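Remarks on the overall topology
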Amino acid sequence: MASPVTVYGPPMSAAVSRVLACLLEKEVKFQLININMSKGQHKSPDFLKMQPFGQVPAFRDESISLFESRAICRYVTEKYANQGNIILFGTNPSEKASIDQWLEAESQSFNPPTSTLVFQLAFAPRMKIKQDEGAIKQSKEKLAKVLDVYNGRLASSRFLASEEFSLADLSHLPNAQYLVNGTEVEELFLVRENVRRWWKEISSRESWKKVIDMQKSPLPKN
Ligand SMILES: N[C@@H](CCC(=O)N[C@@H](CS)C(=O)NCC(=O)O)C(=O)O
């Protein structure tokens, strides 16, 4: 029997939760090793051997060690192609190309403003860090333009890449979750009819609900 893969990092991290959602969709057994970021464990020499930029997540499967959440997800869908959600990363070159295109849109267009907004609106207040109003305004403007494009695309397609839920949709869940639940940016998603319908559908996936449960569970002390 295959031994479980290992994910290193707290489930509250957006990048870690992306990998967890992918593993759950693919029904890949995993163990989660918490990395206590407030103690700086992600900058320790041992952790840097797996993730040289000192960020979470790091990932191990048999002899391979990987970092970068989207690369880990692509690996998981290819290595475990025949289990769980077998169409998560498509089944032929055209499906994969369309998924990759929207996965890149997430990483290059959606992630920059949303990761700034997640930090400024969700984390800075908890960490008692002064919010940067200029960065918030600029990121909201950038995000509105990205969501206009998404709203147009989703007018003619149920999901971003096709009529099927894919890794491209999944990759948006972590940042959108922080913003739609409890920040003023929720409005940007909900006023756009097709984005609102898409968000409702992708955030209702069983895999994502399990990730949210993991985020609420107390972490092992280390
Ligand atoms: N592009 C990376 C981003 C990883 C990332 O930014 N991780 C954050 C937590 S969500 C982190 O480790 N921040 C701590 C730091 O940068 O020192 C990925 O997708 O894996």
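Keep in mind the model is a prediction, meaning the values are calculated, not measured.

Conventions and cut-offs
- All residue numbers refer to position in the chain's written sequence, counted from 1.
- Local features in this predicted model are restricted to residues whose pLDDT is 70 or higher, and side-chain atom pairs enter the listing and the counts only when it is 80 or higher, whereas totals over whole chains, interfaces and linings include all residues.
- Note that the side-chain values use all heavy atoms of the structure and ignore hydrogens as well as water.
- Surface patches are defined over residues having more than 30% relative accessible area and no salt bridge, joining like charges when they lie within 9 Å and nonpolar side chains (Val, Leu, Ile, Met, Phe, Trp, Tyr) when within 5 Å.
- Per-residue and other accessible areas were derived by the Shrake-Rupley procedure at a 1.4 Å probe size, with only the shown protein chains allowed to occlude residues.
- The term salt bridge refers to a side-chain nitrogen of Lys or Arg lying within 4 Å of a carboxyl oxygen of Asp or Glu.
- Whether a residue is buried, partly exposed or exposed follows from its accessible area with a 1.4 Å probe, protein chains only, as a fraction of its type maximum: under 20%, in between, or over 50%, in that order.
- Every axis corresponds to a line fitted to the C-alpha atoms, with the helix fit spanning only the stretch in contact, and the corresponding angles, defined between N-to-C directions, vary from 0 to 180 degrees.
- A run of H or I in DSSP becomes a helix once it reaches four residues, and a run of E becomes a strand once it reaches two; helices and strands are each numbered from the N terminus.
- Throughout, the term roughly parallel applies to angles under 35 degrees, roughly antiparallel to angles over 145, roughly perpendicular to angles from 65 to 115, and oblique to all others.
- Take the far helix as your reference; a near helix turned counterclockwise from it by less than a right angle gives a left-handed crossing, and one turned clockwise gives a right-handed crossing.
- Note on definitions: a residue-residue contact is assigned when non-hydrogen atoms from the two residues lie within 4.5 Å.
- Gly is put with the polar residues, along with every residue not named as nonpolar or charged; the nonpolar set is Ala, Val, Leu, Ile, Met, Phe, Trp, Tyr, Cys and Pro, and the charged set is Asp, Glu, Lys and Arg.
- Residues are said to line a cavity or pocket when one of their atoms sits within 4 Å of a point; the points come from a 1 Å grid over protein atoms alone, cavities being sets where a 1.4 Å probe fits but cannot get out and pockets being open sets with protein on both sides within 12 Å along at least five of seven lines.
- Grid points are joined across faces, edges and corners, and a volume is the space filled by probe spheres set on the points.
- Throughout this description, a polar contact denotes any pair of N or O atoms lying within 3.5 Å of each other; where both atoms belong to protein, one of them has to be capable of donating a hydrogen while the other can accept it, and for residues adjacent in sequence the pair is counted only when both atoms sit in side chains.
- Strand pairing is assigned whenever DSSP detects at least two bridges linking the two strands.
- What fixes the domain bounds is an automatic or database domain assignment.
- Buried area: the accessible surface (1.4 Å probe) lost by two parts on joining, summed over both.
- As used here, the term nonpolar core means buried Ala, Val, Leu, Ile, Met, Phe, Trp, Tyr and Cys residues forming a set that is joined through side-chain atoms within 4.5 Å.
- Side-chain rings of Phe, Tyr and Trp, where Trp is taken by its six-membered ring, are said to pair if the distance between their centres is within 6.5 Å; with planes under 30 degrees apart they count as stacked, over 60 as edge-to-face, and otherwise as tilted.

**Structural notes on a nonpolar patch on the surface**
On the surface, Phe119, Met127 and Ile129 cluster together into a nonpolar patch covering about 260 Å² of accessible area. In this structure Phe119 comes out as partly exposed when scored by relative accessible area, which is 35%.

**Here we look at the packing of helix 3 (residues 69–79) against helix 4 (residues 93–126)**
The contact between helix 3 and helix 4 brings their axes to 12 Å, and the two run at 160°. In this view, helix 3 runs roughly antiparallel relative to helix 4, as classed from their interaxial angle. Judged by the twist between their axes, the crossing of helix 3 over helix 4 is right-handed. Packed against helix 3, whose contacting residues are Arg70, Arg74 and Glu78, the element helix 4 presents Lys96, Asp100, Leu103, Glu104, Glu106, Ser107 and Asn111 at the interface. In the contact of helix 3 with helix 4, the residues fall into one nonpolar, two polar and seven charged.

**Thoughts on the layout of surface pockets**
Volume-wise, the second largest pocket comes out at about 180 Å³. If you trace the second largest pocket, you find 13 residues lining it, with Arg126, Gln177, Tyr178, Asn181 and Gln215 closest to the centre. The set of elements that each furnish at least two residues to the lining of the second largest pocket consists of helix 4, helix 7 (173–180) and helix 10 (206–216). For the lining of the second largest pocket, the residue count by class is six nonpolar, six polar and one charged.

**Describing the environment of Ser157**
Position of Ser157 among the secondary structure elements: in the loop between helix 5 (133–156) and helix 6 (167–170). We classify Ser157 as buried; its relative accessible area is 5%. Separated by 70 residues in the primary sequence, Ser157 and Ile87 have C-alpha atoms spaced 16 Å apart. With sequence-adjacent residues up to four places away left out, Ser157 is seen in contact with Ser162, Glu163 and Arg197. Within polar-contact distance, the side chain of Ser157 engages the backbone oxygen of Ser162 at 3.2 Å.

**Quick notes on the sheet that holds strand 4 (residues 64–67)**
An order of 2-1-3-4 is seen for the four strands of this open sheet, with the pairing classed as mixed. Each end of this open sheet is capped by a strand with a single partner; those strands are strand 2 (30–33) and strand 4. Across the sheet, the mean angle from the axis of one strand to that of its neighbour is 20°, orientation sign disregarded. Pairing of strand 1 (residues 5–8) with strand 3 (residues 58–61) involves three bridges; the strand directions are antiparallel. Paired with Thr6 across the bridge in strand 3 is Arg60. On top of the sheet, helix 1 (residues 14–25) reaches strand 1, strand 2 and strand 3; it is set at about 160° to strand 1, its chief contact.

**Looking at the domain arrangement of the protein chain**
Here the protein chain is partitioned into domain 1 (5–86) and domain 2 (93–207). Look at where the C-alpha atoms of domain 1 and domain 2 centre, and you get two points 21 Å apart. On the side of domain 2, 18 residues touch domain 1, which itself brings 14 residues to the contact. Between domain 1 and domain 2, the buried area comes to about 1,300 Å², and carbon and sulfur atoms account for 52% of it. In this structure, the connection of domain 1 to domain 2 is made through six salt bridges.

**A closer look at the nonpolar core**
Side chains of a nonpolar character, in soluble globular proteins, are inclined to be buried together. Counting residues in hydrophobic clusters, the biggest one holds 62 residues, and the most contacted among them are Phe59, Val76, Leu143, Tyr150, Leu167 and Phe189. Looking at this core, the element that brings in the most residues is helix 4, giving nine residues. Shared between two domains, this core holds at least three residues of each, these being domain 1 (5–86) and domain 2 (93–207). Ignoring any residue separated from it by four or fewer positions in sequence, one finds Val76 in contact with Cys22, Leu23, Lys26, Val28 and Phe59.

**Some remarks on the packing of aromatic side chains**
This model, assessed by the stated rule, comprises eight aromatic pairs. Where Phe59 meets Tyr75, the ring centres are 6.0 Å apart and the plane angle is 70°; that geometry is what we call edge-to-face. On the criterion of sequence distance, the pair formed by Phe59 in strand 3 and Tyr75 in helix 3 is long-range, its members being 16 residues apart. With respect to class, Phe59 is no different from Tyr75; both count as buried. Members of the aromatic cluster, connected to one another through ring pairs, are Trp102, Phe110, Tyr150, Phe189 and Trp198.

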